[in-house]
Amino acid sequence: DYGDFVNNDNAVFNFYGTSYTIPASLTTYPTLKISGGNTKYLNTASIVVRNNLIIADPVNANNALSLNATSGDITIYGDIRFSNGGKLILPVSVTARNINVYGNIDFQFGNNNNNNAIEVTNGAGTIHKFNFYGDTIFSGASSILFDRVQNNKADLYFRNSGRTVITEGTGTFSLNRLFL
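Nothing here was measured: the structure is a model prediction, and the numbers come from that model.

1. Digging into the overall build of the protein
- Counting its regular elements, the protein contains 1 helix and 21 strands.
- In terms of overall dimensions, the protein is globule-like: its C-alpha atoms have a radius of gyration of 15 Å, near the 16 Å expected for 180 residues.
- For the protein, the C-alpha atoms occupy an extent of roughly 40 × 35 × 35 Å along the three principal directions.
- Across the 180 residues of the protein, 50% fall into the buried class.
- Contacts in the protein between residues at least 24 apart in sequence constitute 67% of all its contacts with a sequence separation of at least 6.

Now the structure itself:
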C-alpha cells in the first residue's frame, strides 16, 4: 500500500530507464516523472496525477509517455512540464481518450528551448479530447500535433473561464479543431 506516499504532495514517482509499461498497481500519483530516455506506456487503467506530470531528464533525451492503445484516460491537476525532447503521445486507438490538464503546459521547463511535443500517432483511429483548464501554454520550439493525415486526431478544448495565453514560439501547432 502506497497510501501515505501517494497522498504526500512532495512525493515523486519517477519511471526511469528502458521502454516498459507502467504497472497497473497504482492509478493515482502525487507527481509523475518520466525520465531515463525511451517511452513509458500507461496500462489500460485511467490515471490521475495530483500534482505535476514531468516528462524531462537533463541528461537523457527523448523521454516519452504514451497512453495505452486500448483504454485509459489521464487527468493532471498540476502542470505538464517538458524538456530535452519530451513527448506525450496519444496512440492510434478506436476508443477516444480524454486528456485533462488543470495546470499549465510548460514546454520550456528548466529554461530550455528543446523541441518537445504533445502529439497523436498517425493512423486509422478516432478523435480524442484534450481538455485544457490552465492559463498558459509556454510554447518555445515545441509542437502540438493533433491533426494527422489519417483519422487519429485530437480536438483541443480551452475550458478556462478566463483567458488562455499561448506564448510566442517557433514550434508547430497543428490542430484538428479548437473549441473556446
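2. Remarks on the side chain of aspartate 57
- With respect to the helices and strands, aspartate 57 occurs in the loop between β7 (53–55) and β8 (63–66).
- In this structure aspartate 57 is buried but unpaired, with lysine 33 as the nearest side chain of opposite charge at 6.3 Å.
- A polar contact is formed between the side chain of aspartate 57 and the side chain of asparagine 60, at a distance of 3.0 Å.
- If we ignore the near neighbours within four places in the chain, the residues touching aspartate 57 are Tyr16, Ser35, Gly36, Asn63, Ser83 and Asn84.

3. A look at the packing of aromatic side chains
- Summed over all chains, the structure comprises 10 aromatic pairs.
- Judged by centre distance (5.3 Å) and plane angle (80°), the ring pair of phenylalanine 13 and tyrosine 29 falls under edge-to-face. A residue pair is termed long-range when its members are at least 10 positions apart, and phenylalanine 13 in strand β1 (residues 13–16) and tyrosine 29 in strand β3 (residues 28–29) qualify at 16 residues.
- Residue classification places phenylalanine 13 among the buried positions, given a relative accessible area of 11%.
- Accessibility expressed as a relative area gives 2% for tyrosine 29, which makes it buried.
- Residues tyrosine 157 and phenylalanine 179 carry aromatic rings whose centres are separated by 4.4 Å and whose planes lie at 5° to one another, so their mutual orientation is stacked. Note that tyrosine 157 is positioned in strand β18 (residues 153–158) and phenylalanine 179 in strand β21 (residues 177–179), a separation of 22 residues in sequence.
- An aromatic cluster is present here, built from Phe5, Phe13, Phe15, Tyr20 and Tyr29 joined pairwise through their rings.
- The cationic tip of lysine 129 hangs over the ring face of tyrosine 157; the distance from NZ or CZ to the ring centre is 5.0 Å.

4. Some points on the pattern of salt bridges
- Using the criterion set out here, one finds 5 salt bridges in the structure.
- Here lysine 87 makes a salt bridge to glutamate 119, at a shortest N to O gap of 3.6 Å. Separated by 32 residues along the polypeptide, lysine 87 in strand β11 (residues 87–90) and glutamate 119 in strand β14 (residues 117–120) bring together distant segments of the chain.
- A salt bridge links aspartate 155 to arginine 177; its shortest N-O distance comes to 2.6 Å. Pair noted here: aspartate 155 is in strand β18 and arginine 177 is in strand β21, with a separation of 22 residues, a long-range link.
- Taking relative accessible area as the criterion, aspartate 155 reaches 2% and is therefore assigned buried.

5. As for the pairing of β8
- Alternating residues of β8 divide into Asn63 and Leu65 and Ala64 and Ser66, and every residue in both groups is buried.
- The sheet contact formed by strand β5 (residues 38–41) and β8 spans 4 bridges and is parallel. By the bridge assignment for β8, asparagine 38 is matched with asparagine 63.

So, how was this worked out
- Residues numbered from 1 in each chain as written.
- Predicted model: local features only at pLDDT ≥ 70, side-chain atom pairs only at ≥ 80, totals over all residues.
- Heavy atoms only, no water.
- Helix = DSSP H or I, 4+ residues; strand = E, 2+ residues; numbered from the N terminus.
- Rg over C-alpha atoms; globule rule 2.2 N^0.38 Å.
- Buried < 20%, exposed > 50% of the residue type's maximum accessible area, 1.4 Å probe, protein only.
- Contact = heavy atoms within 4.5 Å.
- Lys, Arg positive; Asp, Glu negative; His and termini not counted.
- Salt bridge = Lys/Arg side-chain N within 4 Å of Asp/Glu carboxyl O.
- Polar contact = N/O pair within 3.5 Å; in protein donor to acceptor, adjacent residues only side chain to side chain.
- Phe/Tyr/Trp six-rings, centres within 6.5 Å; stacked < 30°, edge-to-face > 60°.
- Lys NZ or Arg CZ within 6 Å of the ring centre and 35° of its normal.
- Pairing = 2+ DSSP bridges.

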